[in-house]
Amino acid sequence: MEITLGLQPVLLLTAAVAAAAAAYLSYRNTTPRLSPAKRTVLGGLRFLSLAVIIFLLAEPLLARLSALREEPVLAVLIDSSESMAMENAESGQAPALQNVRSILEKIRAMPAPAVRYLTFDSRVTDLGSGQVQVDSVAFSGQRTDIAGAIEETRDLLSNDHLAGILLISDGRYTSGRNPRRVAESTDIPIFTIAVGDSTQRQDVRISRMTTNDITYTGLEVPVEIGVAATGFQDRRVTVTLSLDDSVTASANTVLPADGAEGTIELSYAAATPGLKKISARVTGLEGETTYRNNVAARTVRVLDRKRRILLVAAGPDPDLAAIRRILADHGDAEVTTRVQQGSRGYYEGVLPADLGSFDVLLLAGYPASSAPPGDLARIASAIENGLPAVFLLSRQTDTALFRRDLAPSFGITPGNRRVSFYEATIVPTPAGRRHPILQHASGGGDWVALPPVVTSESPWSASPDVRVLATPLVRGVRLDDPLLVARSRGRNRTATFLGAGTWRLGNLPEDLSSLKGHWPGLLTNMIQWVSAAEDNRAVRVNTTASEFAGGDAVGFTGQVYDESLNPVADADVAVTVTAPSGDEYRYTMDPIGNGRYVLDAGPMEAGTHRFRASAVRAGAELGSDSGSFRVGDLALEFRNPVADPLLLRQIAVRSGGAALTSDTVEQLGSALEASERFQPRITTSRTESELWRHPAFLLFVIVSLAAEWVLRKRMGLS
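In this text, all values refer to a predicted model and were calculated from it rather than measured experimentally.

**Considerations on the packing of aromatic side chains**
According to the stated counting rule, one finds ten aromatic pairs in the structure shown. Seen in terms of ring centroids, Phe556 and Phe611 are 5.3 Å apart; in terms of plane orientation they differ by 80°. Their pairing is edge-to-face. Highlighted residues: Phe556 in strand E30 (residues 555-560) and Phe611 in strand E35 (residues 607-617), separated in sequence by 55 residues. On the accessibility criterion, Phe556 (1% relative accessible area) is buried. Among the residues examined, Phe611 registers a relative accessible area of 5% and is labelled buried. Considering the side-chain rings of Phe611 and Phe629, the 6.4 Å spacing of their centres and the 35° angle between planes classify their relative orientation as tilted.

Have a look at this one:
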């Protein structure tokens with residue numbers, strides 16, 4: 001123990017001398033005269049009171065040092081993933097579990113240090129330091145994260161003297177980081193024991209399935225399926241592809257040699273939009289180690305490719321015929337056509353009453369002269385209200401009507417002078433080549449090689465929020481006038497092409513056959529781009545994955561914004577999940593700042609789930625969002641049903657531990673004794689007490705002063 005003071009000892013001694021002098025002078029002469037003994041008692045009480053007060057004013061600290069002996073702890077980390085319980089096809093027993101049972105019995109019989117048992121799959125479960133029976137552990141984890149288990153064990157036992165980790169696993173990790181890297185960076189030795197069967201047994205498996213995560217209805221989507229086998233070379237099997245459990249394609253193949261992979265390409269086409277499950281299955285053969293890896297599944301999101309297009313044309317001409325042919329060839333649009341018939345309306349009847357029911361408005365040269373004024377006003381209003389629109393200039397376009405009624409909606413305005421036309425070649429701008437409208441519009445070749453289009457000599461001016469994607473090239477001179485422009489304003493998108501005579505771009509000679517896709521690709525890309533509205537939803541909630549393995553926790557992330565798209569950090573965000581059985585589960589998301597929210601909903605039953613999220617602040621709903629996700633058995637633990645002792649040996653060596661086996665586990669005791677980390681750790685701690693806050697000193701001062709006052713009165717002093 002030691003006492004430290006906030007004053008220099010010299011100052012403290014001077015103050016004590018001053019206190020003694022004050023006490024002496026107070027009772028040197030008294031009235032009535034007191035005996036020396038009585039004056040000494042009174043002066044002593046006065047001095048003690050002053051001395052204690054001075055001592056407390058120095059803010060004394062009483063420091064104590066204590067030593068704590070911490071015994072070393074060995075963390076026994078047991079792999080509880082589903083692959084550990086995989087049975088041998090011949091014996092019907094699980095060799096990994098038999099090994100684990102034997103290892104635990106040997107550990108209990110060893111004079112080992114304190115032992116802490118933990119199990120892991122994608123997460124770590126602390127079982128404590130008591131006796132652990134293999135039969136009490138559920139080996140059902142769908143993922144194995146060895147690196148995460150090592151790091152989480154260190155965090156869980158950070159307050160203990162963790163001296164080493166004994167990792168018992170088959171060595172097959174299916175998620176998380178590479179455990180070799182974690183072993184290199186840790187300062188804790190890791191001892192490993194490989195369990196399970198490391199010999200290559202007969203097996204057929206789906207090793208890989210590659211396809212697009214997002215597709216469209218009616219589109220034929222290829223799926224590349226990898227098939228691997230051990231011990232079944234040259235055997236014939238059938239690979240089938242299913243969409244939502246309905247077989248869509250199949251093919252026969254011959255199994256490759258051990259260590260090789262065969263590839264089969266099948267395809268599917270989804271008729272309806274939504275979240276779809278596609279699965280590949282290979283024929284099971286007699287004698288396989290397991291049939292669990294004969295199937296692989298994944299989830300794809302199918303979007304509705306059909307777009308309702310309202311085609312309004314200025315009049316019949318070759319360009320209109322070519323446009324209708326392009327839309328018909330692609331087969332992904334429902335086209336409603338209205339062709340202006342001079343001042344008598346349209347050939348097909350009146351303009352549809354509800355323009356907002358269409359996905360895209362395509363104006364082919366419209367408006368021509370004598371266009372109904374009421375229809376022009378309705379079209380302009382629909383575009384301003386968010387109807388995606390594409391405008392294609394033609395020789396029949398009345399630029400005065402366009403300037404009056406439609407120019408504000410498209411952000412591009414024709415000049416006032418008389419319209420005449422000249423031939424020009426399309427030249428993309430640098431920004432245009434990077435834009436989606438032009439980026440995938442052709443399969444090769446340059447736009448300059450195409451026949452020219454005709455464009456208006458009257459100059460067109462673009463508003464500041466319009467992006468110019470192409471300009472005209474006239475007789476080798478490139479002009480700055482806009483030829484192809486795109487505009488995005490909030491959720492409103494429009495595109496404009498100021499070139500007529502496009503029918504020639506689809507009727508190319510044989511030497512330009514490589515350029516036949518340019519104009520059809522450009523037109524369809526304009527339609528697709530304007531109809532792909534930007535995301536300005538107030539509430540946006542998504543799952544952390546489109547598909548989760550059985551047993552995995554389902555996670556959600558969300559964002560909430562106000563009407564000005566500023567983040568809202570204090571909203572109440574509720575998520576309702578509807579399970580495949582129809583049961584509903586309600587959750588509340590946790591805010592993490594800046595309008596972001598998270599939710600860990602835990603594991604859910606297998607199947608396709610739907611969810612709806614809504615955000616409320618101060619009793620007012622800000623918006624909602626919805627979606628779906630799938631929970632299923634991904635069979636990752638069975639993709640390659642062979643133990644990997646080499647990985648465990650590398651983990652042990654890189655961490656400074658040792659690789660053991662179920663037969664040599666007794667060597668663990670001697671390895672622990674030889675390790676410096678497995679010695680008791682002595683830690684010292686310093687505790688400080690603020691004596692000036694201790695009530696005993698205050699009580700002493702009060703008692704001393706009170707005793708002095710009482711004695712003075714009894715001795716007749718005033």
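**Considerations on helix H12 (residues 645-655)**
Of the residues making up H12, those classed as buried are Leu647, Leu648, Ile651, Ala652 and Ser655. Axial view of H12: buried residues confined to an arc of 135°, hence all on one face. Summarising the contacts, the buried residues of H12 are in contact with helix H4 (146-156), strand E6 (162-169), helix H5 (179-185), strand E7 (190-194) and strand E37 (659-660). At the exit of H12 stands Gly656, carrying a positive phi of roughly 90°.

**With respect to the pairing of E6**
With eight of its eight residues buried, E6 lies for the most part within the structure. For the crossover that starts at E6, traverses H5 and ends in the parallel E7, the hand is right-handed.

**Remarks on the sheet that holds E6**
In spatial order, the strands read E5-E4-E3-E6-E7-E37; together these six strands make up an open sheet with mixed pairing. Since the sheet does not close on itself, it has two edges, and those belong to strand E5 (124-128) and E37, each with one partner. Pairing of strand E3 (residues 73-79) with E6, which is carried by six bridges, proceeds in the parallel orientation. For Ile78, the partnering residue across the bridge sits in E6 and is Ile168. H4 rests against E3, strand E4 (114-120), E5, E6 and E7 of the sheet, and its axis sits at about 150° to E6. Against the sheet, helix H13 (residues 667-674) engages E3, E6, E7 and E37, with an angle of about 170° to E7.

**Here's the deal with unusual backbone geometry**
Backbone torsion omega between Thr31 and Pro32 reads -5°, so that peptide bond is classified as cis. Mapped onto the fold, Pro32 is located in the loop between helix H1 (9-26) and helix H2 (36-57). In this model, Tyr366 is joined to Pro367 through a cis peptide bond whose omega is 15°. Here Pro367 is to be found in the loop between strand E18 (360-364) and helix H7 (373-384). At Asp244, a position not held by glycine, the phi torsion is positive, near 50°. In this fold, Asp244 is placed in the loop between strand E11 (236-243) and strand E12 (246-254). If you check the backbone angles, Ala618 has positive phi at about 55° while not being a glycine. Mapped onto the elements of the fold, Ala618 is located in the loop between E35 and strand E36 (620-632).

Calculation criteria
- Residue numbers here run from 1 along each chain, matching the order of that chain's written sequence.
- At least 70 in pLDDT is required for a residue's local features to be given in this predicted model, at least 80 for side-chain atom pairs to be given and counted, and no such filter applies to totals for whole chains, interfaces and linings, which use all residues.
- With hydrogens and water set aside, each side-chain value is computed from the structure's full complement of heavy atoms.
- Whether two aromatic rings pair depends on their centres lying within 6.5 Å, for rings of Phe, Tyr and Trp, where Trp uses its six-membered ring; planes under 30 degrees apart make the pair stacked, over 60 edge-to-face, and the rest tilted.
- Each helix corresponds to a stretch of at least 4 residues labelled H or I by DSSP, and each strand to a stretch of at least 2 residues labelled E; elements are numbered beginning at the N terminus.
- Relative accessibility under 20% of the residue-type maximum defines a buried residue, over 50% an exposed one, and the middle range a partly exposed one, all with a 1.4 Å probe and only protein chains included.
- Throughout, the arc means that of the directions going from the helix axis to the C-beta atoms.
- We call two residues in contact when some of their heavy atoms are within 4.5 Å.
- Looking down the strands as they point away from the viewer, one classifies a crossover as right-handed if the path from the first strand across the helix to the second runs clockwise.
- When DSSP finds at least two bridges between two strands, those strands are taken to pair.
- A fitted line through C-alpha atoms serves as each axis, taken over the contacting stretch for helices, and the angle formed by two N-to-C directions is quoted from 0 to 180°.

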